[in-house]
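# Survey of secondary and tertiary structure
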Amino acid sequence: MGIVITNGRIINPATGLDSIADLRIAGERIDRIAGRIQAEEEDQVIDAAGCYVMPGFVDLHVHLREPGQTDKETIESGSMAAARGGVTTLVAMPNTSPVVDNPELVDFVQEKAKDCGMTHVLQAGSITKGMEGKELSDLSGMLEKGVRAISEDGKSVMDSGLLREAMEIAADANIPVLAHCEDIRLVQGGVMNKGKRSEELDVPGISNAVENIIEARDIMLAEETGAALHLCHCSTKESYDLIREAKAKGIRVSGEVCPHHFTLTEEDIPSSEDSNYKMNPPLRSREDRDALIKGLSDGTFEVISTDHAPHTDEEKAKDFVHAPFGIVGLETSASLTYTQLVKTGYLTPMMMAEKMSYRPAQILHIDRGDISEGKMADVVIFDPNTSYVVDPRDFYSKGHNTPFAGWTLNGVVRTTILDGRIVYTRTQEEE
Ligand SMILES: [Zn+2]
(Lines give C-alpha, C1' and ligand atoms only; values in the text may rest on other atoms or scores of the structure.)
Protein backbone atom coordinates (compact mmCIF):
# COMPACT_ATOMS: atom_id res chain seq x y z
CA MET A 1 0.00 0.00 0.00
CA GLY A 2 1.31 3.40 -0.96
CA ILE A 3 0.38 7.05 -1.29
CA VAL A 4 -0.08 8.77 -4.64
CA ILE A 5 0.04 12.56 -4.63
CA THR A 6 -1.54 13.77 -7.85
CA ASN A 7 -1.44 17.03 -9.83
CA GLY A 8 0.94 18.84 -7.47
CA ARG A 9 3.77 21.17 -8.47
CA ILE A 10 6.76 19.08 -7.53
CA ILE A 11 9.67 21.22 -6.42
CA ASN A 12 12.93 19.42 -5.67
CA PRO A 13 16.07 21.56 -5.38
CA ALA A 14 18.36 18.51 -5.34
CA THR A 15 17.55 17.84 -9.01
CA GLY A 16 16.13 21.20 -10.06
CA LEU A 17 12.78 19.59 -10.85
CA ASP A 18 9.89 22.07 -10.89
CA SER A 19 6.85 20.73 -12.72
CA ILE A 20 3.31 19.50 -12.35
CA ALA A 21 3.44 15.75 -11.88
CA ASP A 22 2.34 12.82 -9.74
CA LEU A 23 4.47 11.30 -7.02
CA ARG A 24 4.06 7.84 -5.53
CA ILE A 25 5.35 6.77 -2.14
CA ALA A 26 5.80 3.07 -1.40
CA GLY A 27 6.68 2.14 2.16
CA GLU A 28 9.19 4.63 3.51
CA ARG A 29 10.49 5.83 0.19
CA ILE A 30 9.67 7.85 -2.91
CA ASP A 31 8.78 5.22 -5.47
CA ARG A 32 8.15 7.19 -8.63
CA ILE A 33 7.64 10.65 -10.10
CA ALA A 34 5.86 10.87 -13.44
CA GLY A 35 3.41 12.98 -15.41
CA ARG A 36 0.61 10.56 -14.64
CA ILE A 37 0.73 7.69 -12.15
CA GLN A 38 -2.01 5.10 -11.99
CA ALA A 39 -2.73 4.42 -8.32
CA GLU A 40 -2.61 0.80 -7.32
CA GLU A 41 -5.60 -0.77 -5.66
CA GLU A 42 -4.72 -0.13 -2.03
CA ASP A 43 -3.02 3.24 -2.58
CA GLN A 44 -4.25 6.33 -0.82
CA VAL A 45 -4.66 9.19 -3.30
CA ILE A 46 -4.10 12.82 -2.31
CA ASP A 47 -5.13 15.50 -4.79
CA ALA A 48 -2.52 18.26 -4.58
CA ALA A 49 -3.80 20.42 -7.44
CA GLY A 50 -2.61 24.00 -6.92
CA CYS A 51 -0.16 22.92 -4.19
CA TYR A 52 3.61 22.69 -3.96
CA VAL A 53 4.98 19.23 -3.22
CA MET A 54 8.34 19.82 -1.58
CA PRO A 55 10.87 17.95 0.52
CA GLY A 56 9.90 18.16 4.21
CA PHE A 57 11.44 21.18 5.90
CA VAL A 58 14.67 20.87 7.88
CA ASP A 59 14.84 23.36 10.75
CA LEU A 60 18.33 23.90 12.11
CA HIS A 61 17.22 25.86 15.16
CA VAL A 62 14.55 24.67 17.59
CA HIS A 63 14.21 24.78 21.37
CA LEU A 64 12.19 21.76 22.53
CA ARG A 65 12.83 22.67 26.20
CA GLU A 66 12.98 19.04 27.33
CA PRO A 67 14.58 17.90 29.61
CA GLY A 68 13.64 20.21 32.42
CA GLN A 69 11.43 22.98 31.11
CA THR A 70 8.35 21.00 30.16
CA ASP A 71 6.02 23.79 31.21
CA LYS A 72 7.30 25.69 28.14
CA GLU A 73 7.34 22.78 25.65
CA THR A 74 7.89 19.03 25.51
CA ILE A 75 9.49 16.81 22.93
CA GLU A 76 5.98 15.66 22.09
CA SER A 77 4.29 19.08 21.79
CA GLY A 78 7.28 20.46 19.90
CA SER A 79 7.25 17.48 17.54
CA MET A 80 3.55 18.00 16.84
CA ALA A 81 4.14 21.70 16.18
CA ALA A 82 6.92 20.72 13.78
CA ALA A 83 4.64 18.33 11.88
CA ARG A 84 2.01 21.06 11.62
CA GLY A 85 4.66 23.41 10.25
CA GLY A 86 5.84 20.90 7.62
CA VAL A 87 9.12 20.32 9.47
CA THR A 88 10.28 16.70 9.12
CA THR A 89 13.74 17.13 10.64
CA LEU A 90 14.79 19.54 13.35
CA VAL A 91 17.88 20.27 15.36
CA ALA A 92 17.11 20.57 19.07
CA MET A 93 19.29 23.09 20.85
CA PRO A 94 21.04 21.90 24.02
CA ASN A 95 20.25 24.79 26.40
CA THR A 96 17.79 22.70 28.37
CA SER A 97 17.84 21.95 32.08
CA PRO A 98 20.14 20.14 32.51
CA VAL A 99 22.16 21.10 29.43
CA VAL A 100 22.59 18.35 26.82
CA ASP A 101 26.35 17.98 27.19
CA ASN A 102 26.66 14.18 27.41
CA PRO A 103 25.76 11.05 25.44
CA GLU A 104 23.07 9.88 27.89
CA LEU A 105 20.98 13.00 27.43
CA VAL A 106 21.44 12.89 23.66
CA ASP A 107 20.01 9.38 23.80
CA PHE A 108 17.15 10.47 26.06
CA VAL A 109 15.96 13.19 23.66
CA GLN A 110 16.44 11.25 20.46
CA GLU A 111 14.76 8.09 21.80
CA LYS A 112 11.82 10.03 23.15
CA ALA A 113 11.44 11.86 19.85
CA LYS A 114 11.54 8.55 18.02
CA ASP A 115 8.69 7.27 20.21
CA CYS A 116 6.64 10.38 19.34
CA GLY A 117 7.37 9.70 15.69
CA MET A 118 6.12 13.07 14.44
CA THR A 119 9.41 14.52 13.20
CA HIS A 120 13.06 13.52 13.12
CA VAL A 121 14.89 15.14 16.01
CA LEU A 122 18.64 15.56 15.87
CA GLN A 123 20.00 16.73 19.19
CA ALA A 124 22.83 19.26 19.08
CA GLY A 125 25.48 18.76 21.73
CA SER A 126 26.59 21.71 23.84
CA ILE A 127 30.14 22.87 23.21
CA THR A 128 31.05 23.31 26.88
CA LYS A 129 29.97 21.45 30.02
CA GLY A 130 26.78 22.92 31.41
CA MET A 131 27.26 25.73 28.86
CA GLU A 132 29.48 27.36 31.41
CA GLY A 133 32.22 28.15 28.94
CA LYS A 134 34.92 26.57 31.08
CA GLU A 135 35.67 23.11 29.70
CA LEU A 136 34.59 21.14 26.66
CA SER A 137 31.62 18.76 26.84
CA ASP A 138 32.06 15.07 26.07
CA LEU A 139 32.09 15.80 22.34
CA SER A 140 33.44 12.42 21.21
CA GLY A 141 30.87 10.59 23.38
CA MET A 142 28.06 12.63 21.84
CA LEU A 143 29.44 12.13 18.33
CA GLU A 144 29.18 8.37 18.91
CA LYS A 145 25.49 8.84 19.67
CA GLY A 146 25.00 10.44 16.28
CA VAL A 147 25.19 14.13 17.15
CA ARG A 148 25.28 16.01 13.83
CA ALA A 149 26.06 19.49 15.15
CA ILE A 150 27.41 21.26 18.21
CA SER A 151 26.20 24.58 19.58
CA GLU A 152 26.20 26.81 22.62
CA ASP A 153 23.00 28.49 21.44
CA GLY A 154 21.66 30.98 23.94
CA LYS A 155 25.15 32.36 24.37
CA SER A 156 28.58 32.40 22.78
CA VAL A 157 31.66 30.53 23.93
CA MET A 158 33.53 33.66 24.99
CA ASP A 159 36.84 31.82 25.49
CA SER A 160 38.28 31.85 21.95
CA GLY A 161 40.85 29.19 22.82
CA LEU A 162 38.17 26.77 23.94
CA LEU A 163 36.04 27.46 20.89
CA ARG A 164 39.05 26.88 18.67
CA GLU A 165 39.56 23.45 20.25
CA ALA A 166 35.89 22.59 19.69
CA MET A 167 36.12 23.75 16.08
CA GLU A 168 39.10 21.47 15.48
CA ILE A 169 37.08 18.51 16.76
CA ALA A 170 34.09 19.56 14.64
CA ALA A 171 36.32 19.89 11.56
CA ASP A 172 37.69 16.36 12.12
CA ALA A 173 34.19 14.95 12.58
CA ASN A 174 32.90 17.00 9.62
CA ILE A 175 29.96 18.44 11.54
CA PRO A 176 28.94 22.10 11.65
CA VAL A 177 29.30 24.47 14.57
CA LEU A 178 25.99 26.33 14.99
CA ALA A 179 27.08 29.67 16.37
CA HIS A 180 24.95 32.03 18.44
CA CYS A 181 26.93 35.26 18.20
CA GLU A 182 26.66 37.61 21.16
CA ASP A 183 29.46 39.39 22.98
CA ILE A 184 28.06 39.07 26.48
CA ARG A 185 30.16 41.93 27.89
CA LEU A 186 28.70 44.26 25.33
CA VAL A 187 25.01 43.51 25.94
CA GLN A 188 24.88 45.65 29.08
CA GLY A 189 21.32 44.78 29.97
CA GLY A 190 19.95 45.45 26.48
CA VAL A 191 16.49 44.08 25.69
CA MET A 192 15.77 45.44 22.19
CA ASN A 193 17.74 46.92 19.30
CA LYS A 194 19.82 49.91 20.30
CA GLY A 195 18.34 52.67 18.18
CA LYS A 196 15.35 54.83 17.54
CA ARG A 197 12.80 52.62 19.24
CA SER A 198 14.81 51.79 22.38
CA GLU A 199 15.29 55.53 22.89
CA GLU A 200 11.59 56.27 22.40
CA LEU A 201 10.61 53.52 24.83
CA ASP A 202 13.49 54.32 27.15
CA VAL A 203 14.80 50.76 27.53
CA PRO A 204 18.41 49.56 27.21
CA GLY A 205 19.48 48.63 23.68
CA ILE A 206 21.58 45.87 22.06
CA SER A 207 23.89 47.27 19.39
CA ASN A 208 24.80 45.52 16.13
CA ALA A 209 28.37 45.17 17.37
CA VAL A 210 27.20 42.66 20.01
CA GLU A 211 26.54 40.23 17.16
CA ASN A 212 29.09 41.39 14.58
CA ILE A 213 32.17 41.09 16.79
CA ILE A 214 31.55 37.43 17.55
CA GLU A 215 30.58 36.64 13.95
CA ALA A 216 33.88 38.12 12.78
CA ARG A 217 35.82 36.18 15.42
CA ASP A 218 34.07 32.91 14.63
CA ILE A 219 34.72 33.36 10.91
CA MET A 220 38.43 33.86 11.63
CA LEU A 221 38.50 30.70 13.73
CA ALA A 222 36.65 28.79 11.00
CA GLU A 223 39.30 29.92 8.54
CA GLU A 224 42.12 28.73 10.81
CA THR A 225 40.53 25.40 11.75
CA GLY A 226 38.71 24.52 8.52
CA ALA A 227 35.51 23.92 10.52
CA ALA A 228 32.11 24.44 8.91
CA LEU A 229 30.63 27.46 10.66
CA HIS A 230 26.91 28.11 10.58
CA LEU A 231 25.86 31.51 11.89
CA CYS A 232 22.54 31.30 13.72
CA HIS A 233 19.81 33.94 13.47
CA CYS A 234 21.74 36.63 11.57
CA SER A 235 20.09 39.97 12.22
CA THR A 236 22.46 42.76 11.19
CA LYS A 237 23.36 44.33 7.85
CA GLU A 238 27.03 43.79 8.70
CA SER A 239 26.47 40.02 8.87
CA TYR A 240 25.64 40.23 5.16
CA ASP A 241 29.08 41.69 4.40
CA LEU A 242 30.92 39.39 6.79
CA ILE A 243 29.45 36.28 5.20
CA ARG A 244 30.02 37.50 1.65
CA GLU A 245 33.66 38.31 2.36
CA ALA A 246 34.22 34.99 4.11
CA LYS A 247 32.66 33.03 1.26
CA ALA A 248 34.77 34.92 -1.27
CA LYS A 249 37.84 33.74 0.64
CA GLY A 250 36.63 30.15 0.53
CA ILE A 251 35.88 29.92 4.25
CA ARG A 252 33.23 27.32 5.10
CA VAL A 253 30.48 29.57 6.41
CA SER A 254 26.70 29.62 6.06
CA GLY A 255 24.11 31.89 7.60
CA GLU A 256 20.50 31.55 8.66
CA VAL A 257 17.76 34.15 8.92
CA CYS A 258 14.60 33.70 11.01
CA PRO A 259 11.15 34.73 9.75
CA HIS A 260 10.70 37.41 12.42
CA HIS A 261 13.92 39.10 11.35
CA PHE A 262 12.98 39.30 7.67
CA THR A 263 9.39 40.31 8.50
CA LEU A 264 9.56 42.82 11.35
CA THR A 265 11.71 45.76 12.42
CA GLU A 266 12.12 47.61 15.71
CA GLU A 267 9.49 50.05 14.44
CA ASP A 268 6.87 47.29 14.74
CA ILE A 269 7.31 47.03 18.50
CA PRO A 270 4.06 48.52 19.83
CA SER A 271 5.20 49.22 23.39
CA SER A 272 7.66 48.11 26.03
CA GLU A 273 4.80 46.08 27.55
CA ASP A 274 4.44 43.56 24.72
CA SER A 275 7.29 41.08 25.08
CA ASN A 276 6.04 38.96 22.17
CA TYR A 277 8.38 41.24 20.23
CA LYS A 278 11.32 40.42 22.47
CA MET A 279 13.83 37.93 21.11
CA ASN A 280 17.58 37.54 20.89
CA PRO A 281 18.99 38.87 18.64
CA PRO A 282 16.39 41.63 18.63
CA LEU A 283 14.27 43.03 15.81
CA ARG A 284 16.63 45.45 14.10
CA SER A 285 16.34 48.57 11.95
CA ARG A 286 14.73 48.71 8.54
CA GLU A 287 18.18 48.89 6.95
CA ASP A 288 19.19 45.67 8.67
CA ARG A 289 15.97 43.94 7.67
CA ASP A 290 16.41 44.99 4.05
CA ALA A 291 19.95 43.60 4.01
CA LEU A 292 18.65 40.27 5.30
CA ILE A 293 16.05 40.09 2.54
CA LYS A 294 18.63 41.04 -0.08
CA GLY A 295 20.95 38.36 1.29
CA LEU A 296 18.26 35.69 1.19
CA SER A 297 17.47 36.70 -2.35
CA ASP A 298 21.06 36.74 -3.64
CA GLY A 299 22.16 33.56 -1.83
CA THR A 300 24.32 35.14 0.87
CA PHE A 301 22.00 33.64 3.49
CA GLU A 302 21.31 30.04 2.55
CA VAL A 303 19.01 28.93 5.34
CA ILE A 304 15.69 29.92 6.90
CA SER A 305 15.19 28.46 10.37
CA THR A 306 12.82 29.37 13.14
CA ASP A 307 14.67 29.76 16.47
CA HIS A 308 11.40 28.36 17.87
CA ALA A 309 11.62 29.47 21.51
CA PRO A 310 8.46 28.71 23.51
CA HIS A 311 7.84 30.24 26.94
CA THR A 312 4.85 30.10 29.26
CA ASP A 313 2.08 32.67 29.00
CA GLU A 314 2.97 33.92 32.50
CA GLU A 315 6.60 34.55 31.56
CA LYS A 316 5.68 36.41 28.41
CA ALA A 317 2.99 38.46 30.15
CA LYS A 318 5.86 40.37 31.73
CA ASP A 319 7.18 43.53 30.10
CA PHE A 320 10.19 43.91 27.83
CA VAL A 321 12.70 44.27 30.61
CA HIS A 322 11.50 41.30 32.67
CA ALA A 323 10.24 38.72 30.17
CA PRO A 324 12.59 36.07 28.72
CA PHE A 325 13.85 36.40 25.12
CA GLY A 326 12.23 34.35 22.38
CA ILE A 327 9.13 33.61 20.30
CA VAL A 328 7.62 30.45 18.80
CA GLY A 329 8.07 29.85 15.09
CA LEU A 330 7.48 26.28 13.93
CA GLU A 331 3.85 26.74 12.95
CA THR A 332 4.15 30.07 11.14
CA SER A 333 7.52 29.75 9.42
CA ALA A 334 6.38 28.38 6.03
CA SER A 335 3.51 30.84 5.66
CA LEU A 336 5.66 33.81 6.72
CA THR A 337 8.31 32.76 4.21
CA TYR A 338 5.72 32.41 1.50
CA THR A 339 3.88 35.64 2.35
CA GLN A 340 6.92 37.85 2.92
CA LEU A 341 9.41 36.45 0.42
CA VAL A 342 7.82 34.26 -2.25
CA LYS A 343 4.59 36.11 -2.93
CA THR A 344 6.56 39.34 -3.07
CA GLY A 345 9.03 37.91 -5.59
CA TYR A 346 12.21 37.90 -3.47
CA LEU A 347 12.36 34.10 -3.58
CA THR A 348 11.07 31.56 -6.06
CA PRO A 349 9.25 28.52 -4.65
CA MET A 350 12.39 26.56 -5.55
CA MET A 351 14.51 28.88 -3.37
CA MET A 352 12.01 28.48 -0.54
CA ALA A 353 12.51 24.69 -0.69
CA GLU A 354 16.26 25.18 -0.91
CA LYS A 355 16.48 27.39 2.18
CA MET A 356 13.95 25.49 4.26
CA SER A 357 15.00 21.97 3.36
CA TYR A 358 17.75 21.13 0.90
CA ARG A 359 20.56 23.40 2.15
CA PRO A 360 20.02 22.74 5.87
CA ALA A 361 20.08 18.98 5.13
CA GLN A 362 23.38 19.44 3.29
CA ILE A 363 24.82 21.44 6.19
CA LEU A 364 23.99 18.52 8.51
CA HIS A 365 25.23 15.96 5.97
CA ILE A 366 22.00 14.01 6.20
CA ASP A 367 20.26 12.25 3.34
CA ARG A 368 17.08 14.34 3.56
CA GLY A 369 15.76 17.42 1.83
CA ASP A 370 15.53 15.54 -1.47
CA ILE A 371 12.42 13.88 -2.91
CA SER A 372 14.08 12.09 -5.80
CA GLU A 373 12.98 8.53 -6.56
CA GLY A 374 14.45 6.12 -4.02
CA LYS A 375 14.91 8.73 -1.28
CA MET A 376 13.19 8.59 2.12
CA ALA A 377 9.70 10.04 1.79
CA ASP A 378 9.74 13.18 3.94
CA VAL A 379 7.31 15.35 2.00
CA VAL A 380 5.30 18.49 2.60
CA ILE A 381 2.26 19.53 0.59
CA PHE A 382 2.02 23.32 0.79
CA ASP A 383 -0.99 25.22 -0.51
CA PRO A 384 -0.02 28.77 -1.50
CA ASN A 385 -3.59 29.75 -2.40
CA THR A 386 -5.18 29.56 1.03
CA SER A 387 -4.86 32.34 3.57
CA TYR A 388 -5.62 32.20 7.29
CA VAL A 389 -5.53 34.33 10.41
CA VAL A 390 -2.87 33.36 12.96
CA ASP A 391 -4.50 32.33 16.23
CA PRO A 392 -2.00 31.19 18.87
CA ARG A 393 -4.75 29.17 20.57
CA ASP A 394 -4.63 26.83 17.56
CA PHE A 395 -0.94 26.07 18.06
CA TYR A 396 0.12 22.52 18.89
CA SER A 397 3.11 24.11 20.62
CA LYS A 398 2.69 24.84 24.31
CA GLY A 399 4.06 28.31 23.56
CA HIS A 400 1.72 31.04 22.36
CA ASN A 401 4.35 33.76 22.33
CA THR A 402 4.16 35.18 18.84
CA PRO A 403 3.97 38.73 17.52
CA PHE A 404 1.95 37.46 14.54
CA ALA A 405 -1.35 36.81 16.33
CA GLY A 406 -4.16 38.23 14.22
CA TRP A 407 -2.02 38.48 11.08
CA THR A 408 -3.48 37.18 7.84
CA LEU A 409 -0.88 34.97 6.18
CA ASN A 410 -0.85 33.27 2.82
CA GLY A 411 -0.02 29.62 2.37
CA VAL A 412 -0.79 26.63 4.56
CA VAL A 413 0.78 23.24 5.11
CA ARG A 414 -1.87 20.74 3.96
CA THR A 415 -0.08 17.47 4.63
CA THR A 416 3.20 16.42 6.20
CA ILE A 417 4.62 12.98 5.43
CA LEU A 418 7.43 11.44 7.49
CA ASP A 419 9.18 8.32 6.21
CA GLY A 420 6.14 7.59 4.06
CA ARG A 421 3.67 8.07 6.92
CA ILE A 422 1.15 10.93 7.08
CA VAL A 423 1.85 12.73 10.37
CA TYR A 424 -0.24 15.83 9.79
CA THR A 425 -3.30 16.73 7.72
CA ARG A 426 -4.92 20.14 7.91
CA THR A 427 -8.53 19.78 9.05
CA GLN A 428 -11.67 21.70 8.16
CA GLU A 429 -11.69 23.37 11.60
CA GLU A 430 -8.29 24.89 10.91
CA GLU A 431 -9.52 26.72 7.80
ZN1 LIG B 1 20.45 31.82 19.75
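These numbers come from a predicted model, not from an experiment. (Residues numbered from 1 in each chain as written. Predicted model: local features only at pLDDT ≥ 70, side-chain atom pairs only at ≥ 80, totals over all residues. Heavy atoms only, no water.)

### Quick notes on the packing of helix H4 (residues 160-173) against helix H7 (residues 208-225)
Direction vectors running N to C along H4 and H7 enclose 45°, while the axes themselves pass 10 Å from each other. One finds that H4 runs oblique with respect to H7. The way H4 lies across H7 gives a crossing that is right-handed. Between H4 and H7, the residues in contact are Ser160, Leu163, Arg164, Met167, Glu168 and Ala171 and Arg217, Asp218, Leu221, Ala222, Glu224 and Thr225, respectively. Residue composition of the contact of H4 with H7, by class: five nonpolar, two polar and five charged. (Axes fitted to C-alpha atoms, helices over the stretch in contact; angles between N-to-C directions. Helix = DSSP H or I, 4+ residues; strand = E, 2+ residues; numbered from the N terminus. Parallel < 35°, antiparallel > 145°, perpendicular 65-115°, else oblique. Left-handed = near helix turned anticlockwise from the far one by under 90°. Contact = heavy atoms within 4.5 Å. Nonpolar A, V, L, I, M, F, W, Y, C, P; charged D, E, K, R; others polar.)

### As for the domain arrangement of the protein chain
Here the protein chain is described as being made up of domain 1 (3-53 + 376-430) and domain 2 (56-364). The interface of domain 1 with domain 2 comprises 41 residues on the first partner and 50 residues on the second. Together, the buried faces of domain 1 and domain 2 total about 3600 Å²; carbon and sulfur atoms form 64% of this surface. Counting across the domain 1 and domain 2 interface gives zero salt bridges. (Domains from an automatic or database assignment. Buried area = accessible area lost by both parts, 1.4 Å probe. Salt bridge = Lys/Arg side-chain N within 4 Å of Asp/Glu carboxyl O.)

### Let's talk about the sheet that holds strand S6 (residues 57-62)
The strands making up a sheet are joined through hydrogen bonds of the backbone, oriented either antiparallel or parallel. If you trace the three strands from one edge of the open sheet to the other, you get S6-S7-S8, paired in parallel fashion. The open sheet has two edge strands, S6 and strand S8 (120-123), and neither has a second partner. On average, adjacent strands in this sheet sit at an angle of 20° to one another, irrespective of strand direction. Here four bridges tie S6 to strand S7 (residues 87-92), and the two strands are oriented parallel to one another. When the sheet's bridge partners are listed, Phe57 is paired in S7 with Val87. (Pairing = 2+ DSSP bridges.)

### A short note on empty space enclosed by the protein
Scanning all chains against the criterion turns up five cavities of 30 Å³ or more. Volume-wise, the largest cavity comes out at about 60 Å³. Along the walls of the largest cavity sit Ile127, Glu152, Asp153, Lys155, Ser156, Val157, Leu163, Leu178, Ala179, His180, Arg217 and Asp218, which together make up its complete lining. For the lining of the largest cavity, the class distribution of residues is five nonpolar, two polar and five charged. In this structure, the second largest cavity is lined by Pro259, His260, Thr306, Ile327, Val328, Gly329, Thr332, Ser333, Leu336 and Phe404. Within the residue set of the lining of the second largest cavity, elements represented by two or more residues are helix H9 (259-263) and helix H12 (333-342). Within the lining of the second largest cavity, the residues separate by chemical class into five nonpolar, five polar and no charged. (1 Å grid on protein atoms, 1.4 Å probe; cavity = no way out; pocket = protein on both sides within 12 Å on 5 of 7 lines; lining within 4 Å. Points joined across faces, edges and corners; volume = space filled by probe spheres on them.)

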